[in-house]
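One letter stands for each residue in the lines below.
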Amino acid sequence: MFKAIKQLFKEQFDLDIQEKRHYQIAFTHSSYVNEKRKENLEDNERIEFLGDAVLELTVSNFLYHYFPQLPEGDLSRIRALIVCEESLSKRCKECGFDQYVRLGHGEEANGGRERSSLLCDLFEAVVGALYLDLGLDAIEKFLEQTIYPKIESGEFKDHRDNKTALQEELQKDGQINLSYRLLKESGPSHNKRFEVAVCLDGEIIGQGQGTSKKHAEQAAAKQALEDIQKDK
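Residues numbered from 1 in each chain as written. Predicted model: local features only at pLDDT ≥ 70, side-chain atom pairs only at ≥ 80, totals over all residues. Heavy atoms only, no water.

Draft legend 1. Region of interest: the sheet that holds strand β2 (residues 193–200). Taken together, 3 strands build an open sheet; the order of strands is β1-β2-β3 and the sheet is antiparallel. Of all strands in the sheet, those bounded by a partner on one side alone are β1 (178–186) and β3 (203–210). Neighbouring strand axes in the sheet, compared pairwise and without regard to direction, differ in orientation by 20° on average. Note that β1 and β2 share 8 bridges and pair antiparallel. Bridge assignment links Tyr180 to a residue of β2, and that residue is Val198. Lying over the sheet, helix α11 (residues 162–170) contacts β1, β2 and β3, oriented at roughly 145° with respect to β1. Strands β1, β2 and β3 of the sheet are contacted by helix α12 (residues 213–231), whose axis makes an angle of about 130° with β3. (Pairing = 2+ DSSP bridges. Helix = DSSP H or I, 4+ residues; strand = E, 2+ residues; numbered from the N terminus. Axes fitted to C-alpha atoms, helices over the stretch in contact; angles between N-to-C directions. Contact = heavy atoms within 4.5 Å.)

Draft legend 2. Structural context of the nonpolar core. Membership of the largest hydrophobic core comes to 47 residues, with the highest contact counts inside it found for Phe9, Phe97, Phe123 and Phe142. Those elements giving two or more residues to this core turn out to be α1 (2–13), α2 (20–26), α4 (45–66), α5 (72–82), α6 (85–95), α8 (116–134), α9 (136–146) and α10 (148–152). At 10 residues, α8 tops the list of elements feeding residues into this core. Not counting chain neighbours up to four residues away, the residues in contact with Phe123 comprise Leu55, Leu88, Arg91, Cys92, Cys95, Phe97, Phe142, Thr146 and Ile147. Counting residues in each nonpolar core, the second largest holds 10 residues, with Leu170, Leu178, Ala220 and Ile228 among its members. (Core = buried A, V, L, I, M, F, W, Y, C linked by side-chain atoms within 4.5 Å. Buried < 20%, exposed > 50% of the residue type's maximum accessible area, 1.4 Å probe, protein only.)

Draft legend 3. Spotlight on the UniProt feature "active site" (unreviewed entry) in the protein. Here the UniProt feature "active site" (unreviewed entry) sits at Asp52 and Glu124. A maximum C-alpha distance of 5.4 Å among these annotated residues, which run over 73 residues, shows that they cluster at one spot. One can find Asp52 in helix α4. Of note, Glu124 is situated in helix α8. Taking the relative accessible area as the measure of exposure, Glu124 reaches 5% and is therefore buried. When near neighbours in sequence (up to four residues on either side) are disregarded, Glu124 contacts Ile47, Glu48, Gly51, Asp52, Leu55, Val83 and Leu88. (UniProt positions renumbered as here; feature names shortened; annotations may be inferred.)

Here is the structure:
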């Protein structure tokens, strides 16, 4: 597997990756580890945590310099769109990383290789592995070919996340008390589902589901926005 991944990085990104273990971990899902307990393997959750932080830093630095006139709120909104599940899962498939992730039989059978949350985590894990192996310069080179061109093309600039859009829509009539409430949490640790309600002055105006509380909140806000538009 590592030989193929090494070739992919060389051909697509002109990066000569070295440390095999980092990439073996990055491309190993927890479902695979659970089925191979005797092999004492490590899944990609810890290295994904690192990659998430590296992405936040490097993307923030790029946005800070690329949009010198934008205020903090706009920069935060754009960054949120760049590093969200939908965006990173697309980048993961564009890079071809989904072909190499090691999944358990059950996860594979249930379509895990197409699951956006899994692909998002995989992309972040690969960034973590690349950072540990080759450092920030390699991360910049990688992002210059995967994410930065999307920013420069304006893919994210004219969009608002649903929570921000809902807040701004409701505030047209004055100050509001908008909150999000976790209704339900279900599923195994590697495939959790969250159900969240968005409340205006304590009353539910929208509900949504997602693989994290953050994604469920966005879904709830989207439903609330759609209902508001219908009532107009």
